[in-house]
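Structure at a glance
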Amino acid sequence: MEEEKKPVTPEQITEADTDSGVTKESFMEESKFHYEKQDVSNEREAEKADEHYSADNIQVLEGLEAVRKRPGMYIGTTGTAGLHHLVWEIVDNAIDEALAGYCDKIIVTINKDNSVSVSDNGRGVPVDIVPKSGLSGVETAFTILHAGGKFGEGGGYKVSGGLHGVGASVVNALSKWCEVVVNKEGGKYFIRFEDGGKIIDHLKRVGDTEERGTTVTFLPDPDIFVENTIFNYETIKNHLRQMAFLNGGVSIVIVDDRPETPVSETFLYEGGIREYVKFINVNKLPVNNDVIYCQGAEEVTLLDGTKERIYGEVALQWTDAYSSDGVYSFCNNITTKEGGTHVEGFNRALTNTINSYARERKLIDDKTPNYTNDDCREGLTCVISVKHPNPQYEGQTKTKLGNSEVRKIVANLVSDQLYTYLMEHPEEAKKIIEKVKTAGKARLAAQAARESIRKTVLGITTLPGKLADCSSKEPSECELFIVEGNSAGGSAKTGRDRHTQAILPLRGKILNVEKAREERIFKNGEIGNMITAIGAGIRENFDIEKIRYHKIVIMTDADVDGDHIRILLLTFFYRFMKPLIDNGNVYIAQPPLYKIDFKGKSYYAYNDDQLETLKKALKLKSGYPFQRYKGLGEMDAQQLWETTMDPKVRKMIRITVDDAAKADMAFTDLMGEEVEPRKDFISKNARFVKNLDI
Ligand code: 1YM
């Protein structure tokens, strides 16, 4: 079993062991020297290296120059995320060494000067001269783009995510300086690169040591990372903890040497992803007591005859939660946010196994239809991790695993082992099936509720009594103002342009659609009014062609309650009428915050800056009175029209999918009830909340 955890074929291990480290067979033939040999031929090798050096170095620098010219292509951004990406790349190399079975400890240190050191106790990066480049293994790995673990095709098993082995040279290219220490076969070797990877002095043996391993220290180049070169302890810590969960048995230490008293934490999870699931579920009530664990590896032969060994593991535990989005998937230690074939294989096996077990044990009667995948996943926390030597990514953000062979591998291992678990633990199995059953019932109830709303709310063609509709029937010129509170609603009704502007006042807060079960949502009067007023249905029945207004304008007070209502409405539109948001039909009105009356005229300011500018422009003395609007209700019909509704002067914010998704996420994260975190969220996300009043 232990061996299963290390996705390396025995053949690869012996190959690597017989060589000084570099696994590729063809390379062994070319290089044909081992340590003893290298010692006697050292000078000659150095000469040879120098010969190659001048010519090759130009090429080398051109490669690294390309990275410096377009860093985004290699690390995504040159912002904070990109900065941390440098650390992930070096850590990935150490993790690869651990996965190859040669290393069990990794230490990441943030140094006082904000450089980062990563050490491992593996074999050490090869130090022999690589004939193709004329440079040592270290120099090759750190200066030649695409020099992966094997200087060529095939060979070792490299699985860590990211840049597929181009990592070290990319980090070097983007560093002010970078130092590598290799302890290998009795010797200590050192090299320093400067200014984006320039070799100042070749790799040197600087002493003797019994230790083994690689230490890489680098200082990000401030000319590249102009925004920020300061590493964030929490970001690195979270990443390393995730790596420790995904690579059970590897001890990963983080040290922050910057504070006066250095901080250090160690992550070591012998249970790997099993402990990850426990960690995610720590504040939840588990349904089955132990985390179920399935794993396996399979060798597949590709069309071109090459063999690949694919490793998969899955850990799962149900909790009493209602959501069905607790499945976290990874390939080669990177999250596959859009899922992919491993998740598909898992889903298929999960649904089949649960249903066939329940039927066999007569926990479900013959007449009842199968539980759906969603039923099986309600409350489930699951980590799926596969290691694949040649992953193919698809999807919009290239985070969807595409290798089709993975589907069957994961499905098989989950089917077999989950089934065995259920058979061997009938008590736990009973609790799990019970949870799935309840989820199924809730689904049927929601379906019935949806059906009834289709018949009632969606069937209602008479418009809500509270709606003051506009006279035009041409949707492209019509606007619906959803207004907070009856008094503001009254002003809006009086002040509007009756031909094109309709007003729907909302009484207080609408229901939080995240919290409520579907049945209640549909029975909520305010929501029903919005659905009928807009007139295009909801969810899969929503028909954008039928909308009665091309502009839906949310008009709320500029205070915390107003912000809250706005987020509730956005969440509602996002969940129930998403095409409206995709299509850019949703807007937020911007009422002014201040009014100054001066020489018989009223002047409005929409933010503090404008207020200051206005005071200056009117040459007002300090202390000159101005009105601060607390709510829309303080404005009369004329003022509301002049400042907020008149298309000629008003300012409105058009909502993007991004905004709405954020609002939606805010609720998923905060789960509604507590006020403090919500206020906190609102104040931090001023994007929706331009006029804040807390
Ligand atoms: C702190 C970062 O890079 N460790 C590391 C890297 C390598 C090896 C061992 C290694 C790999 C192989 C053989 C092989 C790398 N070597 C190379 C290259 N830690 C860190 N530890 N012997 C040693 O893959 O066959 C790239 S990474 F290219 F030089 F072989």
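The sections below set out a description of the structure shown in this document. (Residues numbered from 1 in each chain as written. Predicted model: local features only at pLDDT ≥ 70, side-chain atom pairs only at ≥ 80, totals over all residues. Heavy atoms only, no water.)

**Examining the pairing of strand E16 (residues 380-387)**
The buried fraction of E16 amounts to eight of the eight residues, a majority that puts the element mostly inside the structure. Residues of E16 alternate between two faces, with Leu380, Cys382, Ile384 and Val386 on one and Thr381, Val383, Ser385 and Lys387 on the opposite face, all of them buried. Here strand E13 (residues 307-318) pairs with E16 via eight bridges, running antiparallel. Each residue of the ladder has a partner; that of alanine 315, found in E16, is valine 383. Sheet topology note: the strand E14 (residues 327-331)/E16 ladder contains five bridges and is parallel. (Buried < 20%, exposed > 50% of the residue type's maximum accessible area, 1.4 Å probe, protein only. Helix = DSSP H or I, 4+ residues; strand = E, 2+ residues; numbered from the N terminus. Pairing = 2+ DSSP bridges.)

**Focus: the packing of helix H15 (residues 486-495) against helix H21 (residues 637-645)**
Remark: H15 packs on H21, axes separated minimally by 8 Å, with the N-to-C direction vectors making an angle of 80°. Put simply, H15 runs roughly perpendicular to H21. For the pair H15 and H21, the contacting residues are Ala488, Ser491, Ala492, Thr494 and Gly495 in the first and Ala637, Leu640, Trp641 and Met645 in the second. Residues belonging to the contact of H15 with H21 are distributed by class as follows: six nonpolar, three polar and no charged. (Axes fitted to C-alpha atoms, helices over the stretch in contact; angles between N-to-C directions. Parallel < 35°, antiparallel > 145°, perpendicular 65-115°, else oblique. Contact = heavy atoms within 4.5 Å. Nonpolar A, V, L, I, M, F, W, Y, C, P; charged D, E, K, R; others polar.)

**A closer look at the pattern of salt bridges**
Opposite charge on two side chains permits them to pair, given that their charged atoms come into close proximity. Scanning all chains against the criterion turns up 23 salt bridges. In this structure, aspartate 201 and lysine 204 form a salt bridge, with 3.3 Å as the shortest nitrogen-oxygen distance. Exposure remark for lysine 204: the relative accessible area of 42% places this residue in the partly exposed category. Taken together, the shared-partner salt bridges connect Glu179, Arg192 and Glu194 into one network. (Salt bridge = Lys/Arg side-chain N within 4 Å of Asp/Glu carboxyl O.)

**With respect to the pairing of strand E11 (residues 263-267)**
Sheet analysis places strand E10 (residues 251-256) next to E11, joined by five bridges and oriented antiparallel. Looking across to E11, one finds that isoleucine 254 is bridged to glutamate 265. Taken together, E10 and the strand that follows it, E11, pair antiparallel across an intervening segment of six residues.

**A short note on the side chain of threonine 217**
Tracing the sequence through the fold places threonine 217 in strand E9 (residues 213-220). Looking at threonine 217, its side chain comes within polar contact range of the side chain of serine 117, at 2.8 Å. Contact partners of threonine 217, with chain neighbours within four places excluded, come to Asn111, Ser115, Val116, Ser117, Trp177, Cys178 and Glu179. (Polar contact = N/O pair within 3.5 Å; in protein donor to acceptor, adjacent residues only side chain to side chain.)

**Quick look at the sheet that holds strand E24 (residues 601-605)**
Within the open sheet, the three strands sit side by side as E24-E23-E25. Their pairing is antiparallel. Edge positions in the open sheet fall to E24 and strand E25 (627-628), since each of these has one partner strand only.

**Brief notes about the packing of aromatic side chains**
Applying the stated criterion across every chain yields a total of eleven aromatic pairs. Seen in terms of ring centroids, phenylalanine 245 and phenylalanine 279 are 5.1 Å apart; in terms of plane orientation they differ by 45°. Their pairing is tilted. Remark: phenylalanine 279 occurs in helix H10 (residues 273-280) and phenylalanine 245 occurs in helix H9 (residues 233-246); sequence separation between them is 34 residues. Both rings, one in tyrosine 357 and one in tyrosine 419, keep their centres 6.5 Å apart while their planes meet at 80°; by these two values the pair is edge-to-face. Taken together, the positions of tyrosine 357 in helix H11 (residues 341-360) and tyrosine 419 in helix H13 (residues 405-424) put the pair 62 residues apart, joining distant regions of the chain. Owing to a relative accessible area of 2%, tyrosine 357 belongs among the buried residues under this scheme. In this structure tyrosine 419 comes out as partly exposed when scored by relative accessible area, which is 25%. Three or more aromatic residues joined by ring pairs form one cluster here, namely Phe245, Tyr269, Tyr276, Phe279 and Phe330. When the ring centre of tyrosine 293 is taken as origin, the NZ or CZ atom of arginine 274, which lies over that ring, is 3.7 Å away. Over the face of the ring belonging to tyrosine 606 we find lysine 651, whose NZ or CZ atom lies 4.6 Å from the ring centre. (Phe/Tyr/Trp six-rings, centres within 6.5 Å; stacked < 30°, edge-to-face > 60°. Lys NZ or Arg CZ within 6 Å of the ring centre and 35° of its normal.)

**Quick look at the environment of glycine 584**
Structurally, the position occupied by glycine 584 is in the loop between helix H19 (578-582) and strand E22 (586-589). Taking the C-alpha atoms as reference points, glycine 584 and arginine 654, separated by 70 residues in sequence, lie 6.7 Å from one another.

**Points about the sheet that holds E13**
Read from one edge of the open sheet, five strands run E12-E13-E16-E14-E15, paired in mixed fashion. Either end of the sheet is taken by a strand with one partner, and the two such strands are strand E12 (292-301) and strand E15 (334-335). Contacts between H13 and the sheet are confined to E12, E13 and E16, with E12 contributing the most and set at about 145° to the helix.

**A few points about H11**
Compared with an ideal rise of 1.5 Å per residue, which puts 20 residues at 28 Å, H11 spans 28 Å between its outermost C-alpha atoms and is within 8% of the ideal. The buried fraction of H11 amounts to 14 of the 20 residues, a majority that puts the element mostly inside the structure. Positioned one or two residues after H11, lysine 362 has a phi angle of 60°, which is positive. (Expected span 1.5 Å × (residues − 1).)

**Structural notes on the packing of helix H17 (residues 525-534) against helix H18 (residues 560-576)**
Between H17 and H18, the shortest axis-to-axis distance is 12 Å and the interhelical angle comes to 55°. Classified by the interaxial angle, the pair formed by H17 and H18 is oblique. In this structure, the crossing between H17 and H18 has a hand that is right-handed. Residues Ile527, Met530, Ile531 and Ile534 of H17 form the contact with H18, whose own contacting residues are Leu569, Phe572 and Phe573. A class-by-class count of the residues in the contact of H17 with H18 yields seven nonpolar, no polar and no charged. (Left-handed = near helix turned anticlockwise from the far one by under 90°.)

**Remarks on unusual backbone geometry**
The phi dihedral of asparagine 333 falls on the positive side, at around 70°, and the residue is not glycine. Position of asparagine 333 relative to the elements: it lies in the loop between E14 and E15. With relative accessibility at 3%, the residue asparagine 333 sits in the buried group. One non-glycine residue with positive phi stands out, namely lysine 599, at about 45°. Its place among the elements puts lysine 599 in the loop between strand E23 (594-598) and E24.

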